[in-house]
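# Notes for the structure review
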Amino acid sequence: MSETAQHAPADWLDVLPCCVGEILIRRTEAGEFSLCHREDAEMESLRIEREAEAAAELARYDDSGRYRPLKTAPNLQHGWTLLLGRAEDARLALAYFYPGRAAAYQAWKKETLRITALRQTLARQTGMYRVAAGISDEEADALVGNFCKSDGGCLRTILWRRDAAGAVPSTLLPRVKFDPGFDQTGRGEAALPLLCQEACNLLVAEARKVVKTSE
Amino acid sequence: MTRDFSHAALLIVGHGSTVNPDSSRPTLAHTAEIRRRAIFGEVACCFWKEESSLRDALFFFQDASIREVYVVPNFISEGYFTQTVIPRELELSGRCTERVSGQVWNYCDPVGSHPMMTDLLLQRAHDVAPGVPEGETTLLIVAHGTSLNDNSAVAAKREAEKLRELNRFAAVLNLYMEEPPLVADWAKLTDTRHVVVVPFFVSDGLHSYEDIPVLLGIEPKAAGSATDRRSTAELFRQNPHKLHGRELYYARSIGTEARFADVIVQQAEAFAELKSGRELVEGLVA
Ligand code: SF4
């Protein structure tokens, strides 16, 4: 097990306060779980929400009301705080903000997270996405470098490699993009990673576009 | 409900969308509702085009107490997604797949093939046009049509036939967006004063907000966008739409119906019944 994995808590809520992606999780004096945007940590007069389900709506749109197709993109809306009494509800809220990420994190901790190389993901596609496998290494390097970058793209830590031989996902990304110990928001704080164990459907769709345009 | 699902998990699979914020709403709502009922040990959902992805779901339900997982596709019909994409992404080898841990994943029928669908369509027609006499009403079940990917046109036809057999409405027709009988021809195809239209889709979206209204003539072309909530709410508030001397009632997609949650649970129950029946028979033979 890597040193980062060894020192990381087994579960997101084990050590509070903590940061996950753009979210800060704290315990209030009354013992409630409080979630807010990390950039709103010092803000007073935040809109208070008390249902875990409210997280689904908060996660759906960015500050300007645009739909967020990728929940781990660095564009979580501001101005709210979610107060929840039970850890169970805090977990549920986090599952709306960052769907599937806690499960991936726990599997990573237990060393059961299966990582799939980009080439493997692309080769598995059928139907309209089958052509995506035709992307060249150079094109994939450029695409991943742009699409997955933490600054404006996606806050996940990439665990997959480009191919079975272990080529880096993109030479254009800094090494820390592959380091679960690094705070991808660039704030340099201690933060739990949002792991990417396999290329998402959005990246596969982009790969298809690249192939289609170069045809 | 008598079966004990406390050591089982339910995984609801939706399509999701990268452009339409309403696509995953019904699946999320049904998931939350079923979770509230505390029937299953765990309840989660995943999507083809959204997070959690189908691949993420491979790492769900790690608790050793979860011995079985029921996978229910929130799709209208069998087709490319239920037959190719879901089994491939979830690594299902058949109706029952045993994982290395011994956990068994049961692959259930999609919601749209449940017999309760007919009731839900009927209910939706009543809700959208309360008090309107059925005998003077044509009910239109609308599906996409000419899609290589699914059999939703066949499913809509089947439902229309079942509704026709009930002999309650003056007429029941299955219409399609892209193949005859065409939605655009609704006025020619019907002769009753009242017409009720129910989109046979699992969620609202571009088709139900824009395409079908345009084909029906109840929405000026490109007036709103699928993400413009005000214009879409208006679409349903304006019922009945008066045109061609008729009163047309336009309903939300059938999948937004809260009772879809019941159908999802029932698909898992039906699978469990079938499986225990088979095990019983095999046990008797053995
Ligand atoms: S492939 Fe992973 S890192 Fe890249 S955009 Fe998708 S989720 Fe983010």
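The numbering scheme is per chain: residues are counted from 1 as the chain's sequence reads. Whichever chain is written first becomes A and whichever ligand is written first becomes 1, with later ones labelled in order. It should be noted that, the model being predicted, local features are given only for residues of pLDDT at least 70 and side-chain atom pairs only at 80 or more, the latter also being counted only at that level, while totals for whole chains, interfaces and linings use all residues. Hydrogens and waters are ignored; side-chain quantities use all the structure's heavy atoms.

Once that is clear, we can look at the pattern of salt bridges. Two side chains bearing opposite charge may form a pair once their charged atoms approach each other closely. By salt bridge we mean one thing: a side-chain nitrogen of Lys or Arg within 4 Å of a carboxyl oxygen of Asp or Glu. For the structure on display, the rule yields 37 salt bridges over all chains. The salt bridge partner of K188 of chain B is D185 of chain B, with a shortest N-O separation of 3.4 Å. Residue class for K188 of chain B comes out exposed when judged on its relative accessible area of 71%. Among the charged side chains, a network of salt bridges with common partners joins R114, R124 and E198 of chain A together with R55, R88, E89 and E91 of chain B. Each residue is placed in one exposure class: buried if its accessible area under a 1.4 Å probe, protein chains only, is under 20% of its type's maximum, exposed if it is over 50%, and partly exposed if it falls in between.

Right, let's talk about the site of the ligand for a bit. Residue and element names in this part refer to chain A. Note on terminology: near, applied to a residue and a molecule or strand, indicates that one of the residue's heavy atoms is within 4 Å of it. Around the ligand, the surrounding shell consists of L70, F147, C148, C154, R156, I158, W160, C196, A199, C200 and L203. Grid points spaced at 1 Å and placed over the protein atoms alone form the basis of the search, with a cavity being a set where a 1.4 Å probe fits but cannot get out and a pocket an open set showing protein on both sides within 12 Å along at least five of seven lines. Lining residues have an atom within 4 Å of a point. Pocket occupancy is defined atom-wise: a molecule lies in a cavity or pocket when more than half of its atoms are within 2 Å of its grid points. Cavity membership is defined here by more than half of the atoms lying within 2 Å of grid points; on that basis the ligand lies in the second largest cavity. Gly falls in the polar group here, along with every residue not listed as nonpolar (Ala, Val, Leu, Ile, Met, Phe, Trp, Tyr, Cys, Pro) or charged (Asp, Glu, Lys, Arg). For the shell around the ligand, the class distribution of residues is 10 nonpolar, no polar and one charged.

Residues and elements named next belong to chain B. Only DSSP runs of H or I covering at least 4 residues are called helices, and only runs of E covering at least 2 are called strands; the numbering of each starts at the N terminus. Within the secondary structure layout, T192 lies in the loop between α5 (186–189) and β8 (194–199). A relative accessible area of 10% places T192 in the buried class. Under the rule applied, a polar contact is a pair of N or O atoms within 3.5 Å (in protein, one hydrogen donor and one hydrogen acceptor; residues adjacent in sequence only if both atoms are side-chain atoms). In terms of polar contacts, T192 uses its side chain to reach the side chain of T138, at 2.6 Å. Residues count as neighbours in contact if any of their non-hydrogen atoms are within 4.5 Å of one another. In this view, T192 contacts E136, T137, T138, A170 and R246; residues no more than four positions away in its chain are not counted.

This part covers the domain arrangement of chain B. Residues and elements named next belong to chain B. Each domain's extent was defined by an automatic or database domain assignment. Assigned domains of chain B: these are domain 1 (5–112 + 257–276) and domain 2 (114–255). Taking only C-alpha atoms, the centre of domain 1 and the centre of domain 2 are 28 Å apart. Between domain 1 and domain 2, the contact holds 26 residues from the first and 29 residues from the second. The term buried area denotes the loss of accessible surface (1.4 Å probe radius) that occurs when two parts are joined, taken as the sum for both partners. Summed over both sides, the interface of domain 1 with domain 2 buries roughly 2100 Å², with 54% coming from carbon and sulfur. For the interface between domain 1 and domain 2, the tally reads one salt bridge. Taking the shortest distance from any N to any O, the salt bridge between R124 and E257 comes out at 3.4 Å. Viewed at the interface, domain 2 and domain 1 are joined by 14 residue pairs in polar contact (both at pLDDT 80 or more). Those elements giving two or more residues to the side of domain 1 that touches domain 2 turn out to be α1 (25–37), α2 (80–90) and α8 (260–285). When grouped by side-chain class, the residues that make up the side of domain 1 that touches domain 2 number 11 nonpolar, nine polar and six charged.

For Q125 of chain A, the location among the structural elements is in the loop between α5 (118–124) and α6 (137–147). A relative accessible area of 3% means that Q125 of chain A is categorised as buried. Residues within four places of Q125 of chain A in sequence aside, it is in contact with R130 and V204 of chain A together with W48, R88 and E89 of chain B.

In this section: the packing of helix α3 (residues 116–128) of chain B against helix α4 (residues 152–165) of chain B. Residue and element names in this part refer to chain B. Direction vectors running N to C along α3 and α4 enclose 70 degrees, while the axes themselves pass 10 Å from each other. Considered as vectors, α3 and α4 are oriented roughly perpendicular to each other. When α3 is examined against α4, the residues M117, T118, L121 and L122 are found in contact with a partner set consisting of E159, K162 and L163. Its residues placed into classes, the contact of α3 with α4 shows four nonpolar, one polar and two charged. Comment: axis = line fitted to C-alpha atoms, over the contacting stretch for helices; angle = value between 0 and 180 degrees taken between N-to-C directions. The labels follow the angle: roughly parallel below 35 degrees, roughly antiparallel above 145, roughly perpendicular from 65 to 115, and oblique for the rest.

Residue and element names in this part refer to chain A. In this scheme, strands are said to pair when DSSP sees at least two bridges between them. Strand order in the open sheet made by the five strands is β1-β2-β3-β5-β4, with mixed pairing throughout. Looking along the sheet, the strands with just one partner apiece sit at the ends: β1 (18–20) and β4 (47–49). If you compare each strand with its neighbour and ignore which way they point, the axes differ by 25 degrees on average. In terms of strand pairing, strand β2 (residues 23–27) meets strand β3 (residues 33–37) through five bridges, oriented antiparallel. Along β3, the bridge assignment pairs R26 with S34. Sheet strands in contact with helix α3 (residues 87–97) are β2, β3 and β5 (80–84), and its direction is about 145 degrees off that of β5.

Here the focus is the domain arrangement of chain A. Residue and element names in this part refer to chain A. When cut into domains, chain A gives domain 1 (3–99) and domain 2 (118–214). Just the C-alpha atoms count here: the centres of domain 1 and domain 2 sit 25 Å apart. At the junction of the two partners, domain 1 supplies 16 residues and domain 2 supplies 19 residues. Between domain 1 and domain 2, roughly 1400 Å² of surface is buried when both sides are summed, and carbon and sulfur atoms account for 67% of that area.

Whenever strands of a sheet pair, they do so through backbone hydrogen bonds, lying parallel or antiparallel. Residue and element names in this part refer to chain B. Strands sit in the order β2-β1-β3-β5-β4 across an open sheet of five strands; the sheet is mixed. Each having just a single partner strand, β2 (40–47) and β4 (96–98) make up the two edges of the open sheet. Taking each pair of neighbouring strands and ignoring which way they run, the sheet shows an average axis angle of 20 degrees. The strands touched by α1 are β1 (5–14) and β2; relative to β2, the strand with the most contacts, the crossing angle is about 175 degrees. Packed onto the sheet, α2 meets β1, β3 (68–73) and β5 (104–107) and runs at close to 170 degrees relative to β5.

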